[in-house]
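# Overview (structure and organization)
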Amino acid sequence: MADLTPRALRLYTYLKEHYTEDDFISKKELAEHCGYSYDDKSQRNCVDMEADVRAINDCDIIQKIVVSDSKGYKIGNEEQVFDYLNKRFTRDLRSLKLNWKLTRKVRMDKQMRIVFGQERDTIETFIKNKLENEEE
């Protein structure tokens, strides 16, 4: 557990001690008990908590898996962990598809194409700088 911060260990211990089969522990409750900052009005609450959860899940020594949901965090049972993994896989697959499309757009820069009407005959993936526009 050497690679985990004391706060991450407090978070893991709190999740383990307050485990229930169905209930998630809210970010607000975890913030109060584990020393994280929390603001009800902030859209991006508890970035440190999210980083600590990633560190807990990434740690080889801790064998449990912390699952997250819009309701909060908890140590997951078998069904919850598989649901969590499926959601992560779907999210990551969407991200990979977007990366592939963006890479394809980059590769098509400066290529010629058949045009109809007032379209450009050369694909321009990147916006031109002001200096390049003035030279033309």
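What counts, and where the lines are drawn
Residues numbered from 1 in each chain as written. Predicted model: local features only at pLDDT ≥ 70, side-chain atom pairs only at ≥ 80, totals over all residues. Heavy atoms only, no water. Patch = residues over 30% accessible without salt bridge, like charges linked within 9 Å, V, L, I, M, F, W, Y side chains within 5 Å. Areas by Shrake-Rupley, 256 points an atom, 1.4 Å probe, with all protein chains shown as cover. Salt bridge = Lys/Arg side-chain N within 4 Å of Asp/Glu carboxyl O. Lys, Arg positive; Asp, Glu negative; His and termini not counted. Charge placed at Lys NZ, Arg CZ, Asp CG, Glu CD. Helix = DSSP H or I, 4+ residues; strand = E, 2+ residues; numbered from the N terminus. Buried < 20%, exposed > 50% of the residue type's maximum accessible area, 1.4 Å probe, protein only. pLDDT = per-residue confidence, 0-100. Phe/Tyr/Trp six-rings, centres within 6.5 Å; stacked < 30°, edge-to-face > 60°. Lys NZ or Arg CZ within 6 Å of the ring centre and 35° of its normal.

### Observations concerning a positive patch on the surface
Residues Lys97, Lys101, Arg104, Lys105 and Arg107 make up a contiguous surface patch of positive charge. By the element assignment, Lys105 lies in helix α4 (residues 78-107). Judged by its relative accessible area of 53%, Lys105 is exposed.

### Here we look at the confidence of the model for the protein
For the protein, the average pLDDT comes to 87, and 91% of its residues sit at 70 or higher. Taken element by element, the protein is modelled with least confidence in helix α5 (residues 130-135), mean pLDDT 58, and with most confidence in α4, mean pLDDT 95.

### Looking at the packing of aromatic side chains
Using the criterion set out here, one finds zero aromatic pairs in the structure. Positioned over the ring face of Phe24 is Lys74, at 5.5 Å from the centre of the ring.

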